[in-house]
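Chains, contacts and geometry: an overview
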There are 6 protein chains.
Amino acid sequence: MSETWLPTLVTATPQEGFDLAVKLSRIAVKKTQPDAQVRDTLRAVYEKDANALIAVSAVVATHFQTIAAANDYWKD
Amino acid sequence: MSETWLPTLVTATPQEGFDLAVKLSRIAVKKTQPDAQVRDTLRAVYEKDANALIAVSAVVATHFQTIAAANDYWKD
Amino acid sequence: MSETWLPTLVTATPQEGFDLAVKLSRIAVKKTQPDAQVRDTLRAVYEKDANALIAVSAVVATHFQTIAAANDYWKD
Amino acid sequence: MSETWLPTLVTATPQEGFDLAVKLSRIAVKKTQPDAQVRDTLRAVYEKDANALIAVSAVVATHFQTIAAANDYWKD
Amino acid sequence: MSETWLPTLVTATPQEGFDLAVKLSRIAVKKTQPDAQVRDTLRAVYEKDANALIAVSAVVATHFQTIAAANDYWKD
Amino acid sequence: MSETWLPTLVTATPQEGFDLAVKLSRIAVKKTQPDAQVRDTLRAVYEKDANALIAVSAVVATHFQTIAAANDYWKD
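Taking an unreviewed UniProt entry as the reference, chain A is identified by name as Peroxidase belonging to Ruegeria pomeroyi.

1. Some details on the overall build of chain A
Scanning chain A for helices and strands turns up three helices and zero strands. Ordered by position from the N terminus, the helices and strands of chain A form the series α-α-α. When its C-alpha atoms are laid out on the principal axes, chain A stretches across 40 × 30 × 15 Å. Burial statistics for chain A: of 76 residues in total, 59% are counted as buried. Contacts in chain A between residues at least 24 apart in sequence constitute 60% of all its contacts with a sequence separation of at least 6. Total accessible area computed for chain A in this model is approximately 3300 Å², and 53% of it derives from carbon and sulfur atoms. Counting 8 positive and 9 negative side-chain charges, chain A places the centres of these two groups 4 Å from one another.

2. What about the UniProt feature "binding site: heme b" (unreviewed entry) in chain A?
Here, the residues flagged by UniProt with the feature "binding site: heme b" (unreviewed entry) are Tyr46 of chain A. Tracing the backbone shows Tyr46 of chain A in helix 2 (residues 36–46). On the basis of relative accessible area, Tyr46 of chain A is assigned to the buried category, the value being 15%. Dropping the residues within four chain positions of it, Tyr46 of chain A is found in contact with Ala52, Leu53 and Val56 of chain A, Thr32 of chain B together with Ala50 and Ile54 of chain F.

3. A word on the side chain of Glu47 of chain C
Mapped onto the fold, Glu47 of chain C is located in the loop between helix 2 (36–46) and helix 3 (50–70). Residues contacting Glu47 of chain C, with those up to four places away along its chain left out, are Leu53 of chain C together with Thr32, Gln33, Val38 and Leu42 of chain D.

4. Brief notes about the relation of the copies chain F and chain A
The relation between the two chain copies is a rotation about an axis coupled with a shift along that axis. Least-squares fitting of chain F to chain A yields an RMSD of 0.0 Å, with the transformation described by 0.0 Å of translation along the axis and a rotation of 60°. Between the two chains, the operation in question is that of a six-fold axis. Of the C-alpha atoms belonging to chain F, the one lying closest to the rotation axis is found on Thr62 of chain F, 6.8 Å away.

5. Some remarks on the interface of chain D and chain E
Facing the 27 residues of chain D at the interface are 31 residues of chain E. Across the chain D to chain E interface the summed buried area is about 2400 Å²; carbon plus sulfur atoms make up 66%. Counting the surface chain D buries against chain E, the share from its top three residues, Gln15, Phe18 and Ile54 of chain D, is 26%. On inspection of chain D and its partner chain E, the count reaches one salt bridge. Between Asp19 of chain D and Lys31 of chain E there is a salt bridge, with its nearest N and O atoms 2.5 Å apart. The tally of links from chain D across to chain E stands at 11 residue pairs in polar contact (both at pLDDT 80 or more).

6. Some remarks on the interface of chain F and chain A
In this assembly, 27 residues from chain F lie in contact with 31 residues from chain A. Both sides of the chain F and chain A interface together cover about 2400 Å² of buried area, and 66% of this is carbon and sulfur. Looking only at chain F, the three residues that lose the most surface to chain A are Gln15, Phe18 and Ile54 of chain F, adding up to 26% of its buried area. At the junction of chain F with chain A, the criterion picks out 11 residue pairs in polar contact (both at pLDDT 80 or more). Residue assignment for the side of chain F that touches chain A shows that the elements contributing at least two residues are helix 1 (14–32), helix 2 (36–46) and helix 3 (50–70) of chain F. Partitioning the side of chain F that touches chain A into residue classes produces 15 nonpolar, five polar and seven charged.

7. Observations regarding the arrangement of the chains
Nothing in chain A touches chain E, and the closest approach of their C-alpha atoms is 12 Å. Where chain C comes nearest to chain E, the C-alpha atoms are still 12 Å apart, and the two do not contact one another.

8. Quick look at the nonpolar core
Ranked by size, the top nonpolar core spans 174 residues in total, and within it Phe18 of chain A, Phe18 of chain B, Phe18 of chain C, Phe18 of chain D, Phe18 of chain E together with Phe18 of chain F carry the most contacts. Excluding its chain neighbours within four sequence positions, the residues that come into contact with Phe18 of chain C are Val60 and Phe64 of chain C together with Trp5, Leu6, Leu24, Ile27, Ala28, Lys31 and His63 of chain D.

9. Structural notes on the confidence of the model for chain A
On average, residues of chain A carry a pLDDT of 95, and 99% of them reach 70 or more. The element-level mean pLDDT for chain A is lowest in helix 2 of chain A, coming to 94, with helix 3 (residues 50–70) of chain A highest at 98.

Analysis parameters
- Residues numbered from 1 in each chain as written.
- Chains lettered and ligands numbered in written order.
- Predicted model: local features only at pLDDT ≥ 70, side-chain atom pairs only at ≥ 80, totals over all residues.
- Heavy atoms only, no water.
- Helix = DSSP H or I, 4+ residues; strand = E, 2+ residues; numbered from the N terminus.
- Buried < 20%, exposed > 50% of the residue type's maximum accessible area, 1.4 Å probe, protein only.
- Contact = heavy atoms within 4.5 Å.
- Areas by Shrake-Rupley, 256 points an atom, 1.4 Å probe, with all protein chains shown as cover.
- Lys, Arg positive; Asp, Glu negative; His and termini not counted.
- Charge placed at Lys NZ, Arg CZ, Asp CG, Glu CD.
- UniProt positions renumbered as here; feature names shortened; annotations may be inferred.
- Least-squares fit on C-alpha atoms with pLDDT ≥ 70 in both.
- Buried area = accessible area lost by both parts, 1.4 Å probe.
- Salt bridge = Lys/Arg side-chain N within 4 Å of Asp/Glu carboxyl O.
- Polar contact = N/O pair within 3.5 Å; in protein donor to acceptor, adjacent residues only side chain to side chain.
- Nonpolar A, V, L, I, M, F, W, Y, C, P; charged D, E, K, R; others polar.
- Core = buried A, V, L, I, M, F, W, Y, C linked by side-chain atoms within 4.5 Å.
- pLDDT = per-residue confidence, 0-100.

As structure tokens, then:
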């Protein structure tokens, strides 16, 4: 994974910030399980598992907290 | 999901901020499981599961922390 | 839930702040499961489940962190 | 629980701050399960459960983070 | 546990800060389960349990966040 | 583990910061389970377990939050 996938935490809008938070949550899984086929198989399971979906939402919430602070909460 | 659903983190009151936190928690699930029918099926399960409800509350708490900071805790 | 239940995060004492954190933890459950009867049934289960009680305490800890920051840690 | 159990978040030392974090973690359980006998029964279970002990440690970590910030990390 | 085990959060290096975070994670377990023999028995279980090891890592991450802030991220 | 593995939290880019967060998440596991063979055995299990991968992502998110703050969100 040498390509640049995270040049900055700055986003134009909160919505883009939220999408970046979702991306960061998935990249960490990719760094731990590089095999796309395995990830797809697992995704088919956890996207129908309420507890797993809630746990994903928790990870997004922590990343979004980081990104929101990085963008000074898009106040200006 | 190209429509604008998160224009700002600024809310008039803490209560609106809490509602936004609940919304953000759900949007992350929607981004992971776009199929509304699947989400409705899962909701019928987790809304009667104490551990799942507590886990949802944890996600809301993290988002509310972000939104409260974004609104300088609605002090003025 | 249109009544005003969260006018402010400011509390007179840390202890009131802790009580507010407990309230916020429960409100998020109420927003997800509006049926009081279902919640009472679930409460009878999780209040005798050590893991669930610890998980509730974790949610209170995150909300208390937010409320403590909102009150500048009740330093003055 | 009308007695004053949390007059301040300020402690003389980090160690006292850690003890307060442990106390806050337990108070949240007490607020959810007021029956001391039930809590004692549950304690006999979770204090021999590795996952529960780790989960308790996680709650203490969040409260300690709050208390450390409240005491400006005991720097002076 | 009246001996002084946490005189300060200040450490010379990030690495010492990380070690302190690991220590704080374990002390909270010790405060909840004072019996060393029980802890050793549990340790033999959870150190071979992937989910438990990940949960321990999560607690260390929260404490490290606190300690890093306490040391102003060892910037100077 | 006396060698210097964490000289600084400062990284040149967010991407390097994310890699450091992944590293810190793993080091905490290594500190708890020093046996590389055991860790490899466990890894073969959790890298195919959706819930475990999500939990790993949560730990990375907390460490990344710390590292992002340490680098002032790589704004300059």
